[in-house]
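# Topology and contacts: notes
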Amino acid sequence: MIWYQWIAIIAFIICAIVLASDLVKLIKLGNPKDLSRKQGNVPAAIKYSFTGAMSPMAKESAYQHLPTYIGGLLYHMGTFLSLGLFIWFLINISLHAEMHVAIAIIFQIILWISALSGILILLKRIFKQELRSLSGADDYISNILTTLMQIATALFILNTSNEAFYFIVMALFFLWLPFGKTKHVLYFFAARYHLGYFYGWRGTWPQK
Amino acid sequence: MVTIDKEKREKALQILKNSNDSKLLTHLNACVRCGLCAGSCMYYLAMKDAKFIPARKVDLVTSIYRRYLTTQGKLMPALFNAKDLDDKMADEMVDLLFGGCTMCGRCVKHCSIGVDISYIVKKGREMLAAMDMVPKTLQSTVDAAINTGNNMGIPTEEFVDTIQWMEEELVDEMQDANARIPLDEQNKHIFYTLNPREPKFFPLSITAMAKVFYAAGESWTLSSKNYDVTNYGYFNGNNAEATQIARNLYDEVKNLHADVLVLGECGHGSRANRWEGPNYLKKEYEFENITAVELMAQYIREGRIKLDKSLNKELMTIHDPCNLIRNGGLLKEMRFVINSAAENVVEMNPYGNDNFCCGGGGGKLAMSEYNERRLKIGGIKAEQIKKTGAKVVITPCHNCVDQLVQINHTYKLGVQIKTIAEIVADALIIDKKQ
Ligand code: SF4
Ligand code: SF4
C-alpha cells in the first residue's frame, strides 16, 4: 500500500473510533430518566419519528423549501454512496477487481448530481444574507470537504490516476467528520430518537 | 449591565456539564444550521429579523458548549463556531432566550434534524439564571409565588372573599343552597387548582368549573393558600425555585389527603406540574395528576355530566395551548370535550400540534419589557382567528386567555375568549334531583 492510502485508512479509523465512542457514551447514558407518568406509546413514537414525522409533508423545513429539501436528499445520498465506495476501494486494493462500466456510469451520475447539490447549498449559504448570518467556518468547511470528497470519488471512478488526490481528500474528510457539524451523521439519529421519546412519553406522537 | 466573571461563567457552564444526560448531549451537537426552521417561528415571521431564527437561539447555547466543553472548540474556536461567554453574549442570550422565544416548540417539530430547540433555550435560561440574569419582571413573579403562595401576591383574605362571593353566585345560579366551592377540606377526591388570574380578573371561570363539579356530583376542594397551578420557575430557569413551587402544591395535596390533583386551565402550569413536577421533586407522585381537560373528558365519557351542545351555537374556534397540545399530548382529548359542548366549531389553520403559540407563552406575560414584541407576534394568531370568522375563541389556558384578550383589543377582532370550563358549563344540563 502507498503512503496516502495509509493516511486515509488511519484517518478513517480515527473517525470511526471518535464516532463509536460518542455513540457508546450516548447509549451508556440511556433514556431520559422521567418520573412523570407516561401517557403515550414511546416505541411507536420513536418509530414515527424516523418515518411519518420525516415525511416531507410533515415538516415545514421540507415542504416550504422543496428545492433545498430535494438538494439535501441528493447530497446525502452522494455522501453515503461515497462512504460505501471508500470501503469498497479499500477492500479492492488487494482484490484489484474492475468496476462494471454501467455501474461506474450510474455512480458517476449520482455523485456529480450530488456534488452539484452540495455546491448549490454552499452558494445559498454564501449569498443568502440570513443564512450567512447563521454560518461560521465549520459550515463552510463541512460543506466544502463533503462536496470535495464526492468529486474526488467521482474522479477516481473515472480515472484511477487520481488516486493520490482521492485518498488525501478522504483523509481530510474523515479527520473533520467527527468534530465538525458533519458529526450529525450520528447525532441526527440520536436527535430523532430523543424527539420520538419525548413526544411519545407525552402522547403527542404518533400523530393521529 | 451584568459583568460575566469567571465564577459566573463556571456556574453557567455547570448547566451544560451535566453530561450524564444523553438528551442534552444530543441536542447540543445536532443542529446543522440549515436555517430551515426560520419560517416555523412566529418571532421570525412577525419581526422579519434573522436574529429570531430558532437556530440562532440554539447556537447561542451550543457555541458556548463547543468553546468550553469540546476539545476542538477549546483548541480552534474560530474553526468550530465556538464562542466566548462574555458580557455581549450574555446580553444577547437574555434578549433572545427570554425575550425572543416562548419555548412553544413549534420549530422543534419542523426542524429538519429534530433538534429540541425549546429544550436548548430552556438550558440557556438555566445558564442565565445561574448568572443572576433573569429579567427582574419575571423574577418578581416567581418571588411572589414563593413568598405568598401565588404568582400575583393575592392575600389569602382577598382570595377567600372572592371564593365566597363566587359560591354565592353558584348557589343563586343552581338555586341550591347546598352548592359549594369548598375550601381547605380534607379527604376529598379532587384537589383543584387555579391560575391566580382567575380570582383576580376572571372569577366567573371559577364558578364555571364549580358548576361542572356540581353537575358531576364531585367531591372536591380548593386550598386557600396553595391553589396556584402556575410555575414561572419553569420559565425563569431556576430549577430550585421551580421545585419549591411544585413542592407547595404537592405538599398541599398530601396535607388535604386528596386522591387526584387536577390542574386548572393553564398550559405551562399543567406542564410544570404534570410533566416536570415529579422530576423537580425527584419522585413519582403517589396521587393522580391530571388536567381539567382530561377530567371533563372523563365526566363526559362516564356520563357524569350531560351536555347540550345546541346551547353553544355561535361559530367557535380553538386555540391550542402549546404546553397542553404539542407538549402535552391532549390534541384529541381537548377536541372531544369541545365538540361535545359546542355545535359549531371551526379549526384554525394550522391547528393542533402545528398551531402557532398565542405569543404569551414562555413567561412573556410577566415580562413587560417585551410587551411590544409580544403583541406584534400575536398578530399571527390574530390573523388566524380572523380567517376562521369565529365569534368565540376557546382555549384551556388562562395565560393564553390573557394574551388573546390583548390581541383581541389590539387587532380589533371583536371575538369573545372563553375557557373550556366556561363552554362546558354553558352546555350543562343540570339534573335538579341530585
Ligand atoms: S432546522 Fe434544525 S438543524 Fe436546521 S438550523 Fe434549524 S434547528 Fe438547526
Ligand atoms: S420554541 Fe417557538 S418561539 Fe422559540 S424559537 Fe421555536 S418556534 Fe420560535
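Residues numbered from 1 in each chain as written. Chains lettered and ligands numbered in written order. Predicted model: local features only at pLDDT ≥ 70, side-chain atom pairs only at ≥ 80, totals over all residues. Heavy atoms only, no water.

## Quick word on the site of ligand 1
The full set of residues close to ligand 1 is Cys31, Val32, Arg33, Cys34, Gly35, Cys37, Ala55, Cys111, Ser112, Ile113 and Ile117 of chain B. Here the shell around ligand 1 is built from residues that sort into 8 nonpolar, 2 polar and 1 charged. (Near = heavy atom within 4 Å. Nonpolar A, V, L, I, M, F, W, Y, C, P; charged D, E, K, R; others polar.)

## A short note on the pairing of strand 4 (residues 288-291) of chain B
The side chains of a regular strand alternate, residue by residue, between the two faces of the sheet. All names here are of chain B. Here strand 3 (residues 260-263) pairs with strand 4 via 4 bridges, running parallel. For Leu263, the partnering residue across the bridge sits in strand 4 and is Thr291. Traced from strand 3 through helix 15 (residues 267-281) to strand 4, the parallel crossover comes out right-handed. (Pairing = 2+ DSSP bridges. Helix = DSSP H or I, 4+ residues; strand = E, 2+ residues; numbered from the N terminus. Right-handed = clockwise from strand over helix to strand, strands pointing away.)

## Side note on the pattern of salt bridges
Under the defined criterion, the tally for this structure stands at 34 salt bridges over all chains. Arg33 of chain B serves as the salt-bridge partner of Asp139 of chain A, at 2.9 Å between the closest nitrogen and oxygen. With Asp139 of chain A in helix 7 (residues 137-158) and Arg33 of chain B in the loop between helix 2 (22-29) and helix 3 (42-47), this residue pair bridges two chains. With respect to burial, Asp139 of chain A and Arg33 of chain B carry one shared label: buried. Salt-bridge contacts for Glu158 of chain B lead to Lys200 of chain B; the nearest nitrogen and oxygen are separated by 3.6 Å. Residue Glu158 of chain B is located in helix 10 (residues 156-174), and its partner Lys200 of chain B is located in helix 11 (residues 197-200); the two are separated by 42 residues in the primary sequence. (Salt bridge = Lys/Arg side-chain N within 4 Å of Asp/Glu carboxyl O. Buried < 20%, exposed > 50% of the residue type's maximum accessible area, 1.4 Å probe, protein only.)

## Focus: the interface of chain B and chain A
Contact with chain B, which involves 59 residues of that partner, is made by 53 residues of chain A. Looking only at chain B, the three residues that lose the most surface to chain A are Arg33, Leu36 and Trp275 of chain B, adding up to 13% of its buried area. The tally of links from chain B across to chain A stands at 4 salt bridges. Across the contact surface, chain B and chain A share 30 residue pairs in polar contact (both at pLDDT 80 or more). Broken down by secondary-structure element, the contributors of at least two residues to the side of chain B that touches chain A are helix 2, helix 4 (54-69), helix 7 (106-110) and helix 15 of chain B. Grouping the constituent residues of the side of chain B that touches chain A by class yields 21 nonpolar, 20 polar and 18 charged. (Contact = heavy atoms within 4.5 Å. Buried area = accessible area lost by both parts, 1.4 Å probe. Polar contact = N/O pair within 3.5 Å; in protein donor to acceptor, adjacent residues only side chain to side chain.)

## Describing the site of ligand 2
Neighbouring ligand 2 are the residues Ser40, Cys41, Tyr43, Pro54, Lys57, Cys101, Thr102, Met103, Cys104, Gly105 and Cys107 of chain B. Residues belonging to the shell around ligand 2 are distributed by class as follows: 7 nonpolar, 3 polar and 1 charged.

## A word on unusual backbone geometry
Cis geometry is adopted by the peptide bond preceding Pro206 of chain A, which originates at Trp205 of chain A and carries an omega value of -5 degrees. Structurally, Pro206 of chain A is set in the segment after helix 9 (184-202). The omega torsion across Asn349 of chain B and Pro350 of chain B is -5 degrees, close enough to zero to call that bond cis. As for its placement among the helices and strands, Pro350 of chain B is situated in the loop between strand 6 (345-346) and helix 18 (371-388). Although it is not a glycine, Asn187 of chain B adopts a positive phi angle of roughly 60 degrees. Along the chain, the position of Asn187 of chain B falls in the loop between helix 10 and strand 1 (190-192).

## Focus on the nonpolar core
In this structure, Leu85 and Met93 of chain B are the most contacted members of the largest nonpolar core, which totals 131 residues. Leu170, Ile181, Trp220 and Val262 of chain B belong to the second largest nonpolar core, which has 55 residues in total. (Core = buried A, V, L, I, M, F, W, Y, C linked by side-chain atoms within 4.5 Å.)

## Here we look at the side chain of Thr182 of chain A
Along the chain, Thr182 of chain A falls in the loop between helix 8 (163-176) and helix 9. If sequence neighbours within four positions are ignored, Thr182 of chain A has contacts with Ser142, Thr146, Trp176 and Leu177 of chain A.

## A word on the domain arrangement of chain B
Residue and element names in this part refer to chain B. Taken domain by domain, chain B comprises domain 1 (6-133), domain 2 (138-293) and domain 3 (306-429). The centre of domain 2, based on its C-alpha atoms, is set 21 Å off from the matching centre of domain 3. Counting residues at the interface gives 23 residues for domain 2, matched by 27 residues for domain 3. Counting the surface lost from both domain 2 and domain 3, the interface buries some 2200 Å², and carbon and sulfur atoms represent 64% of this. For the domain 2 face of the interface with domain 3, the top three residues by lost area are Arg197, Glu265 and Val293, together amounting to 30%. The interface formed by domain 2 and domain 3 holds 1 salt bridge in total. (Domains from an automatic or database assignment.)

## Examining the packing of aromatic side chains
Residue and element names in this part refer to chain B. Enumeration according to the criterion identifies 32 aromatic pairs over all chains in this entry. The ring of Tyr119 has Lys23 sitting right over it, with the charged end atom 4.4 Å from the ring centre. Between the NZ or CZ atom of Arg301 and the centre of the ring of Phe336, over which it lies, the distance is 4.3 Å. (Phe/Tyr/Trp six-rings, centres within 6.5 Å; stacked < 30°, edge-to-face > 60°. Lys NZ or Arg CZ within 6 Å of the ring centre and 35° of its normal.)

## Digging into the pairing of strand 3 of chain B
Residue and element names in this part refer to chain B. The alternating pattern of strand 3 places Val260 and Val262 and Leu261 and Leu263 on opposite faces, both of which are buried. Note that strand 1 and strand 3 share 3 bridges and pair parallel. By the bridge assignment for strand 3, Ile190 is matched with Val260.

## A look at the confidence of the model for chain B
Summarising the model, chain B shows a mean pLDDT of 96, and 99% of its residues fall at 70 or more. Reported confidences for the modelled complex are a pTM of 0.96 and an ipTM of 0.95. (pLDDT = per-residue confidence, 0-100.)

## Regarding the sheet that holds strand 4 of chain B
Residues and elements named next belong to chain B. An order of 2-1-3-4 is seen for the 4 strands of this open sheet, with the pairing classed as parallel. Edge positions in the open sheet fall to strand 2 (220-221) and strand 4, since each of these has one partner strand only. Summarising the sheet, strand 1 and strand 2 pair through 2 bridges and their orientation is parallel. Residue Phe191 lies in a different strand from strand 2, and its bridge partner there is Thr221.

## Considerations on helix 15 of chain B
Because an α-helix completes one turn every 3.6 residues, residues spaced three or four positions apart along the sequence face the same direction. Residues and elements named next belong to chain B. For helix 15, which comprises 15 residues, the first-to-last C-alpha distance of 20 Å matches the rise-based estimate of 21 Å (1.5 Å per residue) to within 8%. At Trp275, helix 15 shows its largest kink, close to 45 degrees, and the proline Pro278 lies no more than four residues downstream. Most of helix 15 sits inside the fold, with 14 of its 15 residues counted as buried. With its phi angle positive at about 55 degrees, Lys282 sits one or two positions after the end of helix 15. (Expected span 1.5 Å × (residues − 1). Bend = angle between axes of the 7 residues up to and from the residue.)

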